[in-house]
Amino acid sequence: MVLALLLCGVVVLLVIAGLFAFGVRRRLIQRSGGTFDCNLRWAVPEEEAAEPKGKGWAYGIARYNGDRIEWFRVFSYAPRPRRHLVRGAIDVLERRSPRGDEEQALLSDSVVLACAVGPERVRVELALSEDALTGFLAWLEAAPPGQRVNVA
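Residues numbered from 1 in each chain as written. Predicted model: local features only at pLDDT ≥ 70, side-chain atom pairs only at ≥ 80, totals over all residues. Heavy atoms only, no water.

Draft legend 1. Representation of the overall build of the protein chain. Tallying secondary structure elements over the protein chain gives 4 helices and 9 strands in all. At 19 Å, the protein chain has a C-alpha radius of gyration far larger than the 15 Å of a compact globule built from 152 residues. Along the first, second and third principal axes, the C-alpha set of the protein chain runs to 70 × 35 × 30 Å. Here the protein chain holds 152 residues, and the buried ones make up 37% of them. Once local pairs closer than 6 in sequence are excluded, the contacts in the protein chain between residues at least 24 apart make up 53%. When the accessible surface of the protein chain is split by element, carbon and sulfur atoms take 60% of a total near 9200 Å². For the protein chain, the distance from the average site of its 20 positive side-chain charges to the average site of its 18 negative ones is 8 Å. (Helix = DSSP H or I, 4+ residues; strand = E, 2+ residues; numbered from the N terminus. Rg over C-alpha atoms; globule rule 2.2 N^0.38 Å. Buried < 20%, exposed > 50% of the residue type's maximum accessible area, 1.4 Å probe, protein only. Contact = heavy atoms within 4.5 Å. Areas by Shrake-Rupley, 256 points an atom, 1.4 Å probe, with all protein chains shown as cover. Lys, Arg positive; Asp, Glu negative; His and termini not counted. Charge placed at Lys NZ, Arg CZ, Asp CG, Glu CD.)

Draft legend 2. Examining a nonpolar patch on the surface more closely. Together, Leu3, Leu6, Val10 and Leu14 give the surface a local cluster of nonpolar side chains, amounting to about 440 Å² of exposed area. Tracing the sequence through the fold places Leu3 in helix H1 (residues 2-30). Look at Leu3 and you get exposed, because its relative accessible area is 68%. (Patch = residues over 30% accessible without salt bridge, like charges linked within 9 Å, V, L, I, M, F, W, Y side chains within 5 Å. Salt bridge = Lys/Arg side-chain N within 4 Å of Asp/Glu carboxyl O.)

Draft legend 3. Fine view of the sheet that holds strand E1 (residues 35-37). A sheet is described by the order of its strands in space; here 4 strands give the open sequence E1-E3-E4-E5, paired in antiparallel fashion. Two strands in the sheet have a free side with no partner beyond their single neighbour: E1 and strand E5 (83-86). Between one strand axis and the next, the sheet turns by 25° as a mean value, whatever way the strands run. The strands that H1 touches are E1, strand E3 (60-65) and strand E4 (68-73); relative to E3, the one it contacts most, it runs at about 25°. Contacts between helix H4 (residues 130-141) and the sheet are confined to E1, E3, E4 and E5, with E3 contributing the most and set at about 35° to the helix. (Pairing = 2+ DSSP bridges. Axes fitted to C-alpha atoms, helices over the stretch in contact; angles between N-to-C directions.)

Draft legend 4. Focus on the pairing of E4. Sheet topology note: the E3/E4 ladder contains 6 bridges and is antiparallel. Among the inter-strand pairings, Ile61 is bridged to a residue of E4, identified as Phe72. Hairpin connection of E3 to E4: 2 residues between the antiparallel strands, including Gly66 at a positive phi of 70°.

The analysis is restricted to geometry; functional conclusions fall outside its scope.
Right, dumping it as structure tokens:
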């Protein structure tokens with residue numbers, strides 16, 4: 001009986017420590033400022049782009065860092081960003097409201113922004129709030145002179 005209670009106590013402490021670590025990591029990421037909540041879907045197939053099924057979205061935090069955006073998964077302990085988006089390599093393709101099952105998969109005030117990234121033109125979709133979208137588009141258009149920026 002005592003061993004079972006001890007084991008349950010250890011499990012509860014581990015769960016609390018894990019949740020605390022998520023909170024500390026998020027605080028450290030946001031400490032430098034310039035962060036926003038951003039869901040991401042990487043390498044979206046063309047048939048999925050035409051009729052979204054709401055799958056493949058990952059919750060995350062994006063952070064401006066010079067000429068790139070660093071994207072961190074929310075449910076991860078990794079101290080480094082999962083993806084990087086370089087300002088000069090982002091072409092905005094379209095802006096739309098969530099459709100179909102995406103309405104349940106994304107936050108209620110999200111706007112989906114479809115982009116082509118890099119020389120391979122990988123299709124990436126970002127789901128942001130209206131305020132974050134305004135900041136993102138302003139950041140894209142504020143590129144230094146001579147850099148190519150394509151905002152549709």
